Amino acid sequence: MNKVRIGIVGTGYIGNVHGNIYSRDERAEISALYDIIPGRMEAASRRIGGRVCSSREELLDNCDAVLVCAPNKSHLEIASAAVAAGKHVFCEKPFTTGVEDARKLLEIVNGGNGVFQVGHNRRMAPVYVKLRELLADDPAHSAHIKMNRGELKNPPWTGDVSVTGGFLYETTIHLFDMVRFQFGEVTELKAYGSQHEYPEIDEFSVIFKFENGFHCTFASSSDASWHFPFERIEVFCHHRTIVTEEMERLLDSRGMNADFKTHSFHMVEKEDKWGYAQEDRAFITAILDGSSPPVTAEDGFKAVQIVEAVYESIRSGEVVRF
Ligand SMILES: NC(=O)c1ccc[n+]([C@@H]2O[C@H](COP(=O)([O-])OP(=O)(O)OC[C@H]3O[C@@H](n4cnc5c(N)ncnc54)[C@H](O)[C@@H]3O)[C@@H](O)[C@H]2O)c1
């Protein structure tokens, strides 16, 4: 194959992030754009290139790989059509909303031949790559995790459940995927939730138990402030505490003294610091080499399962076992 021809469905914020990265990748070419708001794809085309398409079908006729960058609720339909057309697919998080849709899409992906990758970019962010590397040599005992937002007002759809599927799909799912990446498979969880600022449950506390005996607490608030760090993982090992602060830095405190080592990523460009450039390169590599993508449809499915298990535990008041 020559250059991988990329079609982007949804040319809003994240469609442009990926589009900018691919416009500089010599193994790829932006070939087609489709958005339900024509002005958006026209503006994107001027910046990153690509044919402005008047339908999704036209886009599918003019690319090898599709980036699904439209809002959450549309992922099942857009990704299914792309797989059915024989395309490689990069689907932004969440894989879908709801376990039923996730199972449907997983079956469709398993019946296809192309690469399917899910946009859980944080797995490739240097801070989380470093954490995984440290934990490989020093098993974690437990952790305390938080993933907050300051508000669900900006952009306005972040507070619209009919678009997001719920706050957990909008934000928290990033670190639900991360706990599997760092600590292995979840076996059970118990969750508490309450509603304050928005017309949905907007405050969560979860306790997780994992296959290997690891356990952790997890807090997620949609209307905290944007106080730094809005996302943090504190991991406790044998005489050791490792703390991540957003994608900016990792603090590693070992032994019985109070000294610690800092790994700082604040000078890294956001595209790399957040793992977007790495996930985009990995997608092209998987297409060209036939290698497995770093975040599979199965991973996307399991993140949706965790989201739904949290909502289920809050509804029922029970522990949910996987
Ligand atoms: N991985 C990340 O860090 C990250 C960051 C932001 C967004 N996202 C995900 O990416 C997706 C898009 O988010 P965004 O922030 O770019 O939103 P956005 O509103 O900026 O852009 C979405 C675009 O999709 C278009 N659109 C809507 N329905 C469509 C359809 N059926 N077909 C074609 N185009 C359609 C809209 O007109 C808009 O231009 C969401 O699923 C979101 O969860 C992921």
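The structure under discussion appears in the preceding block.
Let us look at the structure shown here.

Remarks on the site of the ligand
Lining the immediate surroundings of the ligand are 22 residues, of which Ile14, Asp35, Arg40, Asn72 and Tyr276 lie closest. Between the ligand and Ile14 there is a distance of 2.8 Å, counted from an oxygen atom to a backbone nitrogen or oxygen. At 3.0 Å, a side-chain N or O of Asn121 approaches a nitrogen atom of the ligand. Here the ligand, which alone exposes 840 Å², has 86% of that area covered by the protein. Residue composition of the shell around the ligand, grouped by class: 11 nonpolar, seven polar and four charged.

Side note on the sheet that holds strand β7 (residues 142–147)
Pairing in this open sheet of nine strands is mixed, and the strands run β14-β13-β12-β11-β7-β10-β9-β8-β15 from one edge to the other. For this open sheet the edge positions go to β14 (261–264) and β15 (320–321), each flanked by a neighbour on one side alone. With two bridges joining them, strand β8 (residues 186–194) and β15 adopt antiparallel strand pairing. In the sheet register, Leu189 faces β15, and the bridge partner there is Val320. Docked against the sheet, helix α8 (residues 167–183) engages β7, β9 (203–210), β10 (215–221) and β11 (231–237), running at close to 155 degrees with respect to β7. Across the sheet, helix α11 (residues 297–316) touches β8, β9 and β15, and the angle it forms with β8 is around 55 degrees.

Digging into the pairing of strand β6 (residues 116–119)
The side-chain alternation of β6 yields two buried faces, one formed by Phe116 and Val118 and the other by Gln117 and Gly119. Sheet topology places strand β5 (residues 88–92) next to β6; four bridges connect them, and they run parallel. Following the sheet pairing, Glu92 is matched in β6 by Gly119. The handedness of the β5 to β6 crossover, carried by helix α5 (residues 99–110), is right-handed.

Quick word on the pattern of salt bridges
Counted according to the given criterion, the structure contains 23 salt bridges. Arg232 is the salt-bridge partner of Glu234, the closest N and O atoms lying 3.9 Å from each other. Residue classification places Arg232 among the partly exposed positions, given a relative accessible area of 24%. Glu312 is paired through a salt bridge with Arg315; the nearest N and O atoms lie 3.2 Å apart. Of this pair, Glu312 and Arg315 are both found in helix α11, three residues apart, which corresponds to roughly one turn of the helix. Assessed through its relative accessible area of 59%, Arg315 is described here as exposed. Through salt bridges that share partners, Arg123, Asp177, Arg180, Glu185, Asp299 and Lys302 make up one connected network.

Conventions and cut-offs
- Residues numbered from 1 in each chain as written.
- Predicted model: local features only at pLDDT ≥ 70, side-chain atom pairs only at ≥ 80, totals over all residues.
- Heavy atoms only, no water.
- Near = heavy atom within 4 Å.
- Polar contact = N/O pair within 3.5 Å; in protein donor to acceptor, adjacent residues only side chain to side chain.
- Areas by Shrake-Rupley, 256 points an atom, 1.4 Å probe, with all protein chains shown as cover.
- Nonpolar A, V, L, I, M, F, W, Y, C, P; charged D, E, K, R; others polar.
- Pairing = 2+ DSSP bridges.
- Helix = DSSP H or I, 4+ residues; strand = E, 2+ residues; numbered from the N terminus.
- Contact = heavy atoms within 4.5 Å.
- Axes fitted to C-alpha atoms, helices over the stretch in contact; angles between N-to-C directions.
- Buried < 20%, exposed > 50% of the residue type's maximum accessible area, 1.4 Å probe, protein only.
- Right-handed = clockwise from strand over helix to strand, strands pointing away.
- Salt bridge = Lys/Arg side-chain N within 4 Å of Asp/Glu carboxyl O.

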